[in-house]
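Coordinate analysis (summary)
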Amino acid sequence: MLTVDALSKTYPDGTLALSRVSIALRTGEIGIVLGASGCGKTSLLRIVAGLETPSTGQVTLDGQAIVAPHEAVGLVFQEPRLLPWRKIEDNIGFGLSGVSGRERWRRVGEALEHVGLLDQARRWPRDLSGGQQQRIALARALVMRPKVLLLDEPFSALDAMTREGLQDHLLALWALYRPTILMVTHDVEEAVVLADRVIVMQPKPGRVFDDVVPPDARPRLRSSAAFDATKRRLRASLDRSLGRSDEANARDRADRAAAIQHQGQMWS
Amino acid sequence: MVLIDSVAGDPSQAKVRPPRRLSRRGFGLGLLLPLGILILWEVAVRASLIEGRLMPPPSRIATVFVALARSGDLLAHVAATLGRVGIGFAIGAMTGTAFGALSGGSAAIKRLIDPTIQALRAIPSIAWVPLFILWFGIFEGSKITLIAVGVFFPVYLGVMAAIGSVDRKLVEVGRIFRLSKLQMVRRILLPAVLPAWVVALRTGLGLGFMFVVAAELMGASEGLGYLLVDGQQLGKPDQILVALITFAIIGQACDSLLLAVTRPLLVWQDTDRRGS
Ligand SMILES: Nc1ncnc2c1ncn2[C@@H]1O[C@H](COP(=O)(O)OP(=O)(O)OP(=O)(O)O)[C@@H](O)[C@H]1O
Ligand SMILES: [Mg+2]
């Protein structure tokens, strides 16, 4: 059980990034934090990871308070952050320094296999594409077998196709160990694909606005009606979290569509 | 285990290198100009278009070079110069690295020592010479001190800047993996700083050679700088040119040596940028 209890964060410069955020995830659940840019998603994850101290409130894992990076908690940053001076296999093995040679290579090989990049083991990070690097970053966290996996928009820099592939991949990996996952995204569809629960956050200051449980079981087909319904439900919630009415949003969208069409005509 | 081993031998992982022939042709092209000048020079002297006494032709320089090398004199002068550069460089590089690491590693120490070091840096190093001679005598002490001072500043600045600009994001990776302070230095900071350190050392080495000339010009009984002074006083431009050429050769050789020694630590860097 991972609990985030009445977490607030004020940065030294006075920015109030989080205000009394509470989230509880059962062991093995996938919780998705959905919110617009600047609503404190990264701040939340960094506090849960123990990289940042909260101003008030606390994070507990199975009743134990987390105040510093914890061995049972893994974090994948928004960027791959691979160490450029280590080959791929050594990047993945970075956290395994306490594990002896043979066992270490077995686990690194396994992690590489899980992200489908076994053939890249001996290359340098710079020789991999952005999507491949992000998969290595995921493997680097997974190889530690964390009880809790924190993911900060890990796929946001990737194109739609790669992203969808990685989302499916993540689900398959999750099914192997069932870690508790707390993942941040601003992509509604990503939330619907992955989540047991979606926590919608509201900006200024960041707080929990809505808590949505998609009704249908995974795997959720992107083409299904239920998928679309959940998507609409989340989008509406997200819009309301930004203080905008549904009609205003509908008008906005229509205007934008018209503008794009107009441009298209001008160029054709 | 087995799977990983099979990856090691995968031929598709072999690094793609730029075709050799192209770079060799580029090298040949670079030789064209100096060779042309040498030939023109030789021809001009033989045709008495320029005066060979002041502008000794390449053939004469080569003869003097071989003669000096044969007698063992050249080797003795090179050894004297290299010894000075070696000791001065070692002292300057070590102190520069140590102080740079202190300044880069701690804001408090930086505030304490950096202003003083920057103030000292404002003094052109050669201006210290009279004082160094008074303090350390006319012989090796003052020479080596001058070289060490010349090497110190670029190394200090390079190391300090490199530590200051270590990617904080990678340091956070270390924190997430719960590295101790020592592990953080060994596994994140050192490898991150290494490329800039090598650049700083190369700059320092270059300055070391510059200052060894200054040191030997101000009075020495051996060394390539002595050959220069001696050649001037006795009116032997061929000897001066031999010394200059030797400087170029050993300077380049030392730089290449430094690169070769540190290369294994830097293979992860872009091969294209290496050796620039
Ligand atoms: N170190 C910091 N110092 C001061 N303010 C900060 C710091 N980090 C974040 N903030 C502020 O806190 C707020 C929340 O930032 P945060 O990065 O958590 O948002 P986010 O939801 O992750 O945004 P995005 O989707 O763009 O990544 C922002 O207003 C930001 O400017
Ligand atoms: Mg963020």
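Just above sits the structure.
All of these numbers come straight from a predicted model, not from anything done at the bench.

1. Describing the overall build of chain A
A tally of regular secondary structure across chain A gives eight helices and 10 strands. A globule of 268 residues ought to have a C-alpha radius of gyration of about 18 Å, and chain A, at 20 Å, matches this closely. With the C-alpha coordinates of chain A rotated into their principal frame, the extents come out at 60 × 50 × 40 Å. A burial count over chain A gives 50% of its 268 residues as buried.

2. Concerning unusual backbone geometry
Residue and element names in this part refer to chain A. The step from Lys 204 to Pro 205 runs through a cis peptide bond, and the omega angle for that step is -10°. For Pro 205, the position within the fold is in the loop between β9 (197–202) and β10 (207–212). Backbone geometry at Arg 20 places phi at a positive 45°, although glycine is not the residue there. By the secondary structure assignment, Arg 20 is in strand β2 (residues 16–25).

3. Details of the interface of chain B and chain A
By a frequent convention, interface size equals the accessible area lost on bringing the separate parts together. Listed as interface residues are 26 residues of chain B and, on the opposing side, 35 residues of chain A. Summing both partners gives a buried area of about 2900 Å² for chain B against chain A, and 65% of it is carried by carbon and sulfur. At the junction of chain B with chain A, the criterion picks out four salt bridges. Note that A:Glu79 is salt-bridged to B:Lys169, the shortest N-O span being 3.7 Å.

4. Considerations on the pattern of salt bridges
In the structure shown here, the tally under the stated rule is 29 salt bridges over all chains. As a salt-bridge pair, A:Arg145 and A:Glu110 come within 2.9 Å of each other at their nearest N and O atoms. Of this pair, A:Arg145 sits in the loop between α4 (130–142) and β7 (148–152) while A:Glu110 sits in helix α3 (residues 101–114), placing them 35 residues apart in sequence. On the accessibility criterion, A:Arg145 (39% relative accessible area) is partly exposed. Residue classification places A:Glu110 among the partly exposed residues on the basis of a relative accessible area of 24%. With its nearest N and O atoms 2.9 Å apart, the salt bridge here joins B:Asp255 to B:Arg202.

How each quantity is defined
- Residues numbered from 1 in each chain as written.
- Chains lettered and ligands numbered in written order.
- Predicted model: local features only at pLDDT ≥ 70, side-chain atom pairs only at ≥ 80, totals over all residues.
- Heavy atoms only, no water.
- Helix = DSSP H or I, 4+ residues; strand = E, 2+ residues; numbered from the N terminus.
- Rg over C-alpha atoms; globule rule 2.2 N^0.38 Å.
- Buried < 20%, exposed > 50% of the residue type's maximum accessible area, 1.4 Å probe, protein only.
- Contact = heavy atoms within 4.5 Å.
- Buried area = accessible area lost by both parts, 1.4 Å probe.
- Salt bridge = Lys/Arg side-chain N within 4 Å of Asp/Glu carboxyl O.

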